[in-house]
Amino acid sequence: MPLLVMKFGGTSVADLSRIRRAAERVSDNVTNGYNIIVVVSAMAGKTNELIASVTGTSAVYDAREYDAIVSTGENITAGLMALTLQDMSIPARSWQGWQVPINTSMVHASARIESIPIENISRKFTDGMRVAVVSGFQGLSAEGRITTLGRGGSDTTAVALAAAFNAEQCQIYTDVSGVYTTDPRICSKARKLDRIAYEEMLELASLGAKILQTRSIELAMRYHVNLRVMSSFDENHDVHGTLVCDEEKDMENKVVAGVAYSRDEAKLTLTSVADRPGIAAIIFGALGDVGVNVDMIVQNISEDGRTDMTFSCPTNQLPLAQKALDAIKFGGKLNYSELLTDVDVAKVSVVGIGMRSHTGVAAKMFKVLSEEGINIKVITTSEIKISVLIDRKYMELAVQILHHAFGLDAVENNSVKSH
Ligand code: ASP
Ligand code: MG
């Protein structure tokens, strides 16, 4: 029998009535002849609540116990979903990560899936089970302990299961109707995309769009999983959503597919560091050793053999970075005059595979920003994205004007405007 993976996020299973509505969608596909693997998240807010209980015990805690506790939210939803399906006369059974098993690395709280043997679930399908409801976000380490996959990890559970079972499609049900050109809360003209390439989705997710866990997109891209993001709230059962897929010629004839932003950036500048080989290695080596994720980097032109080095990292890693940079200064490894920090910054990025074959995207982006008097502090680019660091107070405006300038505004709104 053909197989589908259907993943329901926290808001889609927030209470018993939402679970029933999700179960009705599952039931439709069972009627259409599919066996289904349903992957569930914890009910909305549950994971945060569990994390708060853990951190309430002590500021420093054992990551193994964190995983033992934080993974439980998904087990409740899986059981309730199985019961709801059974009540609808559908042969369904819940599966915790260790029962599948979903084998992971031993890195607690951010484990990676290493393998998923399909025999246990497959045998039950052969015996007549129609729906396997799997707890998302969790797995089993080689040590025999429960692990979790990092926040948003149920997406990765779903994609990994779709790859392992060679599912026809992996459907991610959420509270929005698909992937948008940007965040509709910031830009009212944001538009749902019918399709987006894996690589674009990967950039958008890692640049701040929270719709899918980044790791799940990497997996989907590697195993060519047919991935669809859709809403479980849409009563018309819109089966389209957004397809995340291999790049195709006829995707959407746009150079830029989306605009992403992240508020969570801090800018650091080391002034007057020696401009000689090995200095960048000392700075970024020290930051890497303590786990700071450095994102953007610029080195200014040097004068008299000294230069300023500016870079960004997530705001919550700023204290860690400051400590590491103090240590290399006071440990005599590197001399600099000052460490300047700025937390009132945000990163805005434009993403699109069309940039590979079109020039002038960067120039256009910089021009649009300058026309609004928005100063660019740091720039980084890759083959398919350009990111700028700007003052946070301009973030919303920057997203809106770039969305407009790159032709992403929804058509309906444009026509209203031209009347
Ligand atoms: N419940 C977990 C979280 O909130 C995993 C997930 O929902 O994907 O991070
Ligand atoms: Mg999620």
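Structure first, text after, so check above.
Just so it is clear, the model here is predicted, and its values are computed rather than measured.

Draft legend 1. Region of the structure containing the sheet that holds strand 10 (residues 195-197). Sheet architecture is open: 8 strands sit in the order 3-6-2-1-9-11-12-10, paired in mixed fashion. Strands at the two margins of the open sheet, each flanked by one partner only, are strand 3 (92-95) and strand 10. Taking each pair of neighbouring strands and ignoring which way they run, the sheet shows an average axis angle of 20 degrees. Sheet analysis places strand 2 (residues 35-40) next to strand 6 (residues 131-135), joined by 5 bridges and oriented parallel. Looking across to strand 6, one finds that valine 40 is bridged to serine 135. On top of the sheet, helix 7 (residues 198-206) reaches strand 10 and strand 12 (242-245); it is set at about 85 degrees to strand 10, its chief contact.

Draft legend 2. Looking closely at the packing of helix 1 (residues 16-31) against helix 4 (residues 72-87). Direction vectors running N to C along helix 1 and helix 4 enclose 60 degrees, while the axes themselves pass 9 Å from each other. By the angle between their directions, the pair helix 1 and helix 4 is classed as oblique. When you trace helix 1 past helix 4, the crossing you get is right-handed. Listed contacts from helix 4 to Leu16, Ile19, Arg20, Ala22, Ala23 and Val26 of helix 1 are Thr77, Leu80, Met81, Thr84, Leu85 and Asp87.

Draft legend 3. Region of the structure containing the packing of helix 2 (residues 46-57) against helix 3 (residues 63-70). Viewed as axis vectors pointing N to C, helix 2 and helix 3 meet at an angle of 145 degrees, and their least axial separation amounts to 9 Å. Between helix 2 and helix 3 lies a crossing of right-handed hand. Across from Thr47, Leu50, Ile51 and Val54 in helix 2, the residues of helix 3 making contact are Tyr66, Ile69 and Val70. Within the contact of helix 2 with helix 3, the residues separate by chemical class into 6 nonpolar, 1 polar and no charged.

Draft legend 4. Representation of the pairing of strand 11 (residues 227-231) within the structure. Along strand 11, 5 of the 5 residues are buried, which leaves the element largely enclosed by surrounding structure. Of the two faces of strand 11, the one lined by Leu227, Val229 and Ser231 and the one lined by Arg228 and Met230 are each fully buried. Here strand 11 runs beside strand 12; their pairing, made up of 3 bridges, is antiparallel. In the strand pairing of strand 12, arginine 228 is matched with leucine 243.

Draft legend 5. Focus on the site of ligand 1. Near ligand 1 the following residues occur: Ser41, Ala42, Thr47, Glu74, Phe137, Arg151, Gly152, Gly153 and Ser154. Separating a nitrogen atom of ligand 1 from a side-chain N or O atom of threonine 47 is a distance of 2.8 Å. Residue glycine 152 places a main-chain N or O atom 2.8 Å away from an oxygen atom belonging to ligand 1. Within the complex, the protein chains bury 86% of what would otherwise be the 270 Å² of accessible surface of ligand 1. When grouped by side-chain class, the residues that make up the shell around ligand 1 number 2 nonpolar, 5 polar and 2 charged.

Draft legend 6. Inspection of the nonpolar core at higher detail. Residues Val5, Ile37, Ile121, Val134, Cys170 and Leu227 are the most contacted members of the largest nonpolar core, which totals 44 residues. Not counting residues within four places of it along the chain, the set of residues in contact with valine 5 comprises Ile37, Val39, Ala158, Leu161, Ala162, Ala167, Gln169, Cys170 and Gln171.

Draft legend 7. Highlighting the side chain of aspartate 67. Here aspartate 67 is to be found in helix 3. Of the side chains with opposite charge, arginine 64 comes closest to the buried, unpaired aspartate 67, at an N-O distance of 8.5 Å. A distance of 2.6 Å separates polar atoms of two side chains, one belonging to aspartate 67 and the other to threonine 148.

Draft legend 8. Main features of unusual backbone geometry. Cis geometry is found at the peptide bond from valine 100 to proline 101, where omega equals -10 degrees. One can find proline 101 in the loop between strand 3 and strand 4 (103-104). Phi at alanine 109 is positive, roughly 75 degrees, even though this residue is not glycine. Of note, alanine 109 is situated in the loop between strand 4 and strand 5 (113-115). On the basis of relative accessibility, which here comes to 29%, the residue alanine 109 falls in the partly exposed class. The backbone of phenylalanine 137 shows a phi angle near 80 degrees, a positive value even though the residue is not glycine. On the secondary structure map, phenylalanine 137 appears in the loop between strand 6 and strand 7 (138-140). Of the residues examined, phenylalanine 137 reaches a relative accessible area of 3% and is grouped as buried.

Quick notes on the rules
- Residues numbered from 1 in each chain as written.
- Chains lettered and ligands numbered in written order.
- Predicted model: local features only at pLDDT ≥ 70, side-chain atom pairs only at ≥ 80, totals over all residues.
- Heavy atoms only, no water.
- Pairing = 2+ DSSP bridges.
- Helix = DSSP H or I, 4+ residues; strand = E, 2+ residues; numbered from the N terminus.
- Axes fitted to C-alpha atoms, helices over the stretch in contact; angles between N-to-C directions.
- Contact = heavy atoms within 4.5 Å.
- Parallel < 35°, antiparallel > 145°, perpendicular 65-115°, else oblique.
- Left-handed = near helix turned anticlockwise from the far one by under 90°.
- Nonpolar A, V, L, I, M, F, W, Y, C, P; charged D, E, K, R; others polar.
- Buried < 20%, exposed > 50% of the residue type's maximum accessible area, 1.4 Å probe, protein only.
- Near = heavy atom within 4 Å.
- Polar contact = N/O pair within 3.5 Å; in protein donor to acceptor, adjacent residues only side chain to side chain.
- Areas by Shrake-Rupley, 256 points an atom, 1.4 Å probe, with all protein chains shown as cover.
- Core = buried A, V, L, I, M, F, W, Y, C linked by side-chain atoms within 4.5 Å.
- Lys, Arg positive; Asp, Glu negative; His and termini not counted.
- Salt bridge = Lys/Arg side-chain N within 4 Å of Asp/Glu carboxyl O.

Keep in mind these values describe shape, not function.
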